[in-house]
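Fold and contact review
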Amino acid sequence: EPEVTQTPSHQVTQMGQEVILRCVPISNHLYFYWYRQILGQKVEFLVSFYNNEISEKSEIFDDQFSVERPDGSNFTLKIRSTKLEDSAMYFCASSELYQETQYFGPGTRLLVL
Amino acid sequence: AQKVTQAQTEISVVEKEDVTLDCVYETRDTTYYLFWYKQPPSGELVFLIRRNSFDEQNEISGRYSWNFQKSTSSFNFTITASQVVDSAVYFCALSKGYNDMRFGAGTRLTVKP
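Source: prediction; values computed, not measured.

1. Quick word on the sheet that holds strand E3 (residues 19-24) of chain A
All names here are of chain A. Strand order in this open sheet of four strands is E1-E3-E8-E7, and the pairing throughout is antiparallel. In this open sheet, the two edge strands, each paired with only one partner strand, are strand E1 (5-7) and strand E7 (65-68). Each strand of the sheet is rotated relative to its neighbour by a mean of 20 degrees, with strand direction disregarded. Across four bridges, E7 lies against strand E8 (residues 75-79) in antiparallel orientation. Pairing of Phe65 across the sheet is with Ile79, part of E8.

2. Regarding the interface of chain A and chain B
At the junction of the two partners, chain A supplies 20 residues and chain B supplies 18 residues. At the junction of chain A with chain B, the criterion picks out zero salt bridges. Elements that contribute at least two residues to the side of chain A that touches chain B include exactly strand E4 (31-37), strand E5 (43-50), strand E6 (53-57) and strand E10 (103-104) of chain A. Take the side of chain A that touches chain B: its biggest share by element is four residues, from E4 of chain A. Among the residues making up the side of chain A that touches chain B, the classes are represented as ten nonpolar, seven polar and three charged.

3. Re the confidence of the model for chain B
When the pLDDT values of chain B are averaged, the result is 91; 97% of them are 70 or greater. Within chain B, the lowest mean pLDDT, 85, falls on strand E7 (residues 59-61) of chain B, and the highest, 98, falls on strand E3 (residues 19-21) of chain B.

4. Some points on the nonpolar core
Counting residues in hydrophobic clusters, the biggest one holds 24 residues, and the most contacted among them are Trp36, Trp66, Phe77, Tyr90 and Leu109 of chain B. Counting only elements with at least two residues in this core, the list comes to strand E2 (10-14), E3, strand E5 (33-39), strand E6 (46-52), strand E8 (64-69), strand E9 (74-79), strand E10 (88-95) and strand E12 (107-112) of chain B. The element that contributes the greatest number of residues to this core is E10 of chain B, accounting for four residues. Setting aside its immediate chain neighbours within four residues, Trp66 of chain B contacts Trp36, Leu48, Ile49, Asn58, Glu59, Ser61, Phe75, Asn76 and Phe77 of chain B. Listed in part, the 22 residues of the second largest apolar core include Leu21, Phe32, Phe49 and Phe65 of chain A.

5. A look at the pattern of salt bridges
All names here are of chain B. Taken as a whole and assessed by the stated rule, the structure comprises four salt bridges over all chains. With a shortest N-O distance of 2.8 Å, Asp55 and Arg51 are connected by a salt bridge. Overall, Asp55 belongs to the partly exposed group, its relative accessible area being 29%. Ionic pairing is found between Asp86 and Arg63, a salt bridge with its closest N-O pair at 2.8 Å. Here Arg63 lies in the loop between E7 and E8 and Asp86 lies in the loop between E9 and E10, a separation of 23 residues in the sequence. With relative accessibility at 25%, the residue Arg63 sits in the partly exposed group. Overlapping salt bridges bring together Arg51, Asp55 and Glu59 as one network.

6. Describing the side chain of Ser48 of chain A
All names here are of chain A. Tracing the backbone through its elements, the reader meets Ser48 in strand E5. Residue classification places Ser48 among the buried residues on the basis of a relative accessible area of 0%. One polar contact links Ser48 to Ser55, side chain to side chain, over a distance of 2.9 Å.

7. Thoughts on unusual backbone geometry
Residue and element names in this part refer to chain A. Of the consecutive residues Thr7 and Pro8, the connecting peptide bond is found in the cis state with omega at -10 degrees. As for its position among the elements, Pro8 is in the loop between E1 and strand E2 (10-13). The backbone of Asn51 sits at a positive phi, close to 55 degrees, despite the residue not being glycine. Mapped onto the secondary structure, Asn51 falls in the loop between E5 and E6.

Definitions and cut-offs
- Residues numbered from 1 in each chain as written.
- Chains lettered and ligands numbered in written order.
- Predicted model: local features only at pLDDT ≥ 70, side-chain atom pairs only at ≥ 80, totals over all residues.
- Heavy atoms only, no water.
- Pairing = 2+ DSSP bridges.
- Helix = DSSP H or I, 4+ residues; strand = E, 2+ residues; numbered from the N terminus.
- Axes fitted to C-alpha atoms, helices over the stretch in contact; angles between N-to-C directions.
- Contact = heavy atoms within 4.5 Å.
- Salt bridge = Lys/Arg side-chain N within 4 Å of Asp/Glu carboxyl O.
- Nonpolar A, V, L, I, M, F, W, Y, C, P; charged D, E, K, R; others polar.
- pLDDT = per-residue confidence, 0-100.
- Core = buried A, V, L, I, M, F, W, Y, C linked by side-chain atoms within 4.5 Å.
- Buried < 20%, exposed > 50% of the residue type's maximum accessible area, 1.4 Å probe, protein only.
- Polar contact = N/O pair within 3.5 Å; in protein donor to acceptor, adjacent residues only side chain to side chain.

Laid out in structure tokens, this is it:
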């Protein structure tokens, strides 16, 4: 069964460093998403992406965040200058069509020291 | 405003008991989607069900059943004859006309042997 994959599974970085989280959505899916979950808290929407551009973003998704689909398979989330509060699990998701079910990847646990 | 409330923070039951997880939502949209996701201790988000606002028919899938009532804005989830493997955090989520998803705070279910 097709699934969303994410790399790395864990990443530790120093405050102020740039990180890139990678996702490979399900191959025939057209809509891509990033969510984050701070430890013990609820899952929060960050951004959705369709047709090579952002279609929706939350107030969390400020100028330090960016997303990109650099090729036909990868979907990346870049955090330019990480802060301690960026420590969280980051989930990528994809859906085949608009308003269809989103399938989530296993997550990348980011720790900012 | 979109809001999902899962009032039960933690529930503990003994194996084979039935358990109901409550979800109450708020939205002004007439078209929306409701979801349940399971997050086991390993951390991934597992899709369980998606229901659109026009379909109030209850659904049963094995030991899982869902009760959607628009009149009370509720979308409750029942596990019949619970098992230890059901132990997880369960999230209810709401998606409006466009494609972000709002999650509730989650209910941590512990099933004891």
